[in-house]
Amino acid sequence: MLLNIGPSHPAMHGIVRIVAELDGETVTGAEVEIGYLHRAFEKMCEQGPYNNAIPYTDRLNYVSPLINNIGYCLAVERLLGIDTTERCKYIRVVMSELSRVTDHLTCIGASAMEMGAFTVFLYTMKAREFWYDAIESVTGARLTISYARVGGLKSDLPEGFKERTLRAVRETRSVLKEVEGLLNRNRIFVDRMKDTGVISAEDALAYGITGPFLRSTGVGYDVRKDQPYLVYDRLDFDVPVGEHGDNLDRYYVRMEEMIQSMRMVEQALKDMPGGDIQVDTKGRVIPAALMVDEAKIGHTQDLKSVEVEADSTLEGTTKRFHDNVYSSDRRVALPAKEDTYGNIEGLMNHFKLVMHGHGIRPPRGEAYFPVEGANGELGFYVVSDGTDKPYRVRVRPPCFPIMGALGKILTGDMVADIVPTFGSVNMIGGELDR
Amino acid sequence: MLTDVIKSRFPNIVTQACVDRVDNFIVIKREGIKDIASALRDDPQFDFNLLMDLFGVDYLHWEEKALRFEVIYNLYSLRKKHRLFIKAPVPEEDPSIDSVALVWPAADWYEREAWDMFGVRFKGHPNLKRILMYEEFQGHPLRKDYPYNFRQPLVGPKN
């Protein structure tokens, strides 16, 4: 018998279609069909300047958008051959790990819910809310955050971020204890997860699978350890691996990864260098509009050292924050608002970066940068033709190869196992179909 | 140097080898992809057991590129921790190359995507059909001569 599941089905989160061939209740073959959420990400990236692709990257893996943002910026930065400030690197690590925790919380909550454990879902969503609070305080949004920029970040961390994050860490630790209490010895949960959706390490490698899915089979490949980027080599963390490559091991790996991520967040927040204010401000803060007026009539003498109070929509772009998180490379970094308003060099610099046909212009060539996404290796391959628009942006979507292997993984299991197995893939439509 | 070793090992297949920034790149003749792929996977010296990615690039109007398309293979070795990009130029008149789906099963879906997006045929692929677009779709959307705002919806309003 052929059984069609999806594309619109409550357990096929996102939109994906599985055509399963059944013999009684056993799946004897399964064809997975994707593409229902294709939004031409790679094509659209070619249409605008480099920084215009950042909002698109938010919508790749929308459960952990910060990792996508940062991965894309790192790829373009490698193409340009520039480096960012120390503080920026630490912030990027903290934000990536924040995102990883929210991603795993969503994955575990949703797959537990699909097996009837609704309490777990509510608990993990409660914990996720604390992380989203912290993310919102930094970026102004919960999901579509557009926080990273080529050469830096939109803005520095706000006051109270550390307390918010440490609170989220505390709350999540207690939620994880509760989740473990509810699930780890739960007969229904363990019976449905154990020995279902099994994949061997050889098969996982042959299919190009990475991330928690690969680690559940016992292969400890993690981009953060194997090709460290940002400041991951300075942080102390373990890479949890499973043994059996089944759904239960993937659940354990994700649980442990959250604990490791929170360890990293704590360390990074502790080690993060405080950004020194590089310019003598003389303690004077003036409204930005007044500064523009002053500059227009030629009162530019002291403006270089003045700090302005910009409109709240421009929060984080004034000198005090700007220099902490932005690269000093003029080819990519928008100048601080004081410079844009106060001197001709800054104004020209700003103009050159934002006007059509100017902008960031990496040299002709191509570069690849892999980062560890929540589902595995997330890589951006950027080709530049020397103009201000990327010639080609290729994203290596981490759940694409897992979905490629899904038909094989499902074969031999029961119909009821499709739901937990698919849940443990953590398929994200935005990233799979782009 | 990895690229030099590979070049001297396969002088008839590899036409160019270089290290750009941190990554190793080799350019090959498309006829040799199957041989070099299985050798790179099986030889313990290279040990490329992971096909991380496979995709196309359309170099329309690039003077330095003699052939229009390039199929790029992103290989990684877990044990050696090295990465290699293989570029196989493919001409516009006959956009085809041998499939490596039997060497790395991961290539199955990646090749379907490259076919879908660029119209590069993978000879010997077990099931080469569109993956992201629908079967009735005309053309290959990531080609540079496909306008980004051209719509051809399966249902709903036409252009």
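Residues numbered from 1 in each chain as written. Chains lettered and ligands numbered in written order. Predicted model: local features only at pLDDT ≥ 70, side-chain atom pairs only at ≥ 80, totals over all residues. Heavy atoms only, no water.

How big an interface is tends to be stated in terms of accessible area lost as the parts join. Residues and elements named next belong to chain A. When the domains of chain A are assigned, the result is domain 1 (42–150 + 157–274) and domain 2 (285–354). Facing 10 residues of domain 1, the contacting portion of domain 2 comprises 8 residues. Here domain 1 and domain 2 share an interface that buries about 810 Å² over both sides, 59% of which is from carbon and sulfur atoms. The largest share of the area that domain 1 buries against domain 2 comes from Leu80, Ile82 and Thr85, three residues that together contribute 43% of it. Counting the contacts that link domain 1 with domain 2 gives 0 salt bridges. Linking domain 1 with domain 2 are 0 residue pairs in polar contact (both at pLDDT 80 or more), by the criterion used here. For the side of domain 1 that touches domain 2, a count of residues per class yields 5 nonpolar, 2 polar and 3 charged. (Domains from an automatic or database assignment. Contact = heavy atoms within 4.5 Å. Buried area = accessible area lost by both parts, 1.4 Å probe. Salt bridge = Lys/Arg side-chain N within 4 Å of Asp/Glu carboxyl O. Polar contact = N/O pair within 3.5 Å; in protein donor to acceptor, adjacent residues only side chain to side chain. Nonpolar A, V, L, I, M, F, W, Y, C, P; charged D, E, K, R; others polar.)

A word on the environment of Glu42 of chain A. The topology assignment puts Glu42 of chain A in helix α1 (residues 41–45). Classification of Glu42 of chain A by relative accessible area gives buried; the value is 4%. For Glu42 of chain A and Tyr56 of chain A, which are 14 residues apart along the polypeptide, the C-alpha to C-alpha distance reads 9.2 Å. What Glu42 of chain A contacts, discounting residues up to four positions off in sequence, is Arg392, Val393, Arg394, Val395 and Arg434 of chain A together with Leu142 of chain B. Side-chain polar atoms of Glu42 of chain A contact the side chain of Arg434 of chain A, separated by 3.0 Å. (Helix = DSSP H or I, 4+ residues; strand = E, 2+ residues; numbered from the N terminus. Buried < 20%, exposed > 50% of the residue type's maximum accessible area, 1.4 Å probe, protein only.)

Next up on the list: the confidence of the model for chain A. In this model, chain A carries an average pLDDT of 83, and 88% of its residues clear a pLDDT of 70 or more. In this model, residues 276–285 of chain A is a region of pLDDT below 50 whose contacts with residues beyond four sequence positions or in other chains number 18 contacts. (pLDDT = per-residue confidence, 0-100.)

Turning our attention to the confidence of the model for chain B. In this model, chain B carries a mean pLDDT of 86, and residues with pLDDT of at least 70 account for 97%. Put simply, helix α1 (residues 2–9) of chain B is where chain B has its lowest mean pLDDT, 82, and strand β4 (residues 69–76) of chain B is where it has its highest, 91.

Right, let's talk about empty space enclosed by the protein for a bit. Residues and elements named next belong to chain A. The full count for this structure, using the stated rule, is 6 cavities of 30 Å³ or more. What lines the largest cavity is simply Cys107, Ile108, Ser111, Ala112, Leu183, Phe189, Met193, Asn247, Arg250, Tyr251, Arg254 and Ser424. Class assignment for the residues of the lining of the largest cavity results in 7 nonpolar, 3 polar and 2 charged. (1 Å grid on protein atoms, 1.4 Å probe; cavity = no way out; pocket = protein on both sides within 12 Å on 5 of 7 lines; lining within 4 Å. Points joined across faces, edges and corners; volume = space filled by probe spheres on them.)

Going through the model one piece at a time under the given rule, you end up with 40 salt bridges over all chains. Between Arg100 of chain A and Glu97 of chain A there is a salt bridge, and its shortest N-O distance comes to 3.1 Å. Taken together, the residues span about one helical turn, with Arg100 of chain A and Glu97 of chain A both in helix α4 (residues 86–114) at a distance of 3 residues. Taking relative accessible area as the criterion, Glu97 of chain A reaches 0% and is therefore assigned buried. For the salt bridge of Arg394 of chain A with Glu113 of chain B, the shortest nitrogen-to-oxygen distance reads 3.1 Å. Of this pair, Arg394 of chain A sits in strand β10 (residues 390–396) while Glu113 of chain B sits in helix α3 (residues 107–118), which puts the two residues in different chains. Overall, the relative accessible area of 2% leaves Arg394 of chain A in the buried class.

Applying the stated criterion across every chain yields a total of 21 aromatic pairs over all chains. Aromatic pair Phe400 of chain A and Tyr110 of chain B: ring centres 5.3 Å apart, planes at 25 degrees, arrangement stacked. Taken together, the positions of Phe400 of chain A in helix α16 (residues 399–410) and Tyr110 of chain B in helix α3 put the pair across two chains. Here Tyr110 of chain B falls in the buried class, since its relative accessible area comes to 1%. Following the ring pairs from residue to residue traces out a cluster consisting of Tyr368 and Tyr381 of chain A together with Phe25, Phe55 and Phe85 of chain B. Across from the ring centre of Phe237 of chain A, 4.0 Å away, lies the NZ or CZ of Lys225 of chain A, which sits over that ring. Stacked on the ring of Trp62 of chain B, the Lys or Arg Arg364 of chain A has its end atom at 4.1 Å from the ring centre. (Phe/Tyr/Trp six-rings, centres within 6.5 Å; stacked < 30°, edge-to-face > 60°. Lys NZ or Arg CZ within 6 Å of the ring centre and 35° of its normal.)

On to the sheet that holds strand β8 (residues 365–373) of chain A. Residue and element names in this part refer to chain A. In space, the 3 strands of this open sheet follow the order β8-β9-β10, with antiparallel pairing throughout. Each edge of the sheet is formed by a strand with only one pairing partner; in this case those strands are β8 and β10. Pairs of neighbouring strands in the sheet enclose a mean axial angle of 15 degrees, with direction left out of account. Where strand β9 (residues 376–384) lies against β10, 6 bridges are found, and the strand directions are antiparallel. Following the sheet pairing, Ser384 is matched in β10 by Pro390. (Pairing = 2+ DSSP bridges. Axes fitted to C-alpha atoms, helices over the stretch in contact; angles between N-to-C directions.)

It is worth spelling out the layout of surface pockets at this point. If you add up the space inside the largest pocket, you get close to 600 Å³. Contributing to the lining of the largest pocket are 26 residues, with His38 and Ala40 of chain A together with Met133, Tyr134 and Phe137 of chain B lying nearest its centre. In terms of residues, the lining of the largest pocket owes the most to one element, α1 of chain A, which gives 4 residues. Residue composition of the lining of the largest pocket, by class: 17 nonpolar, 3 polar and 6 charged.

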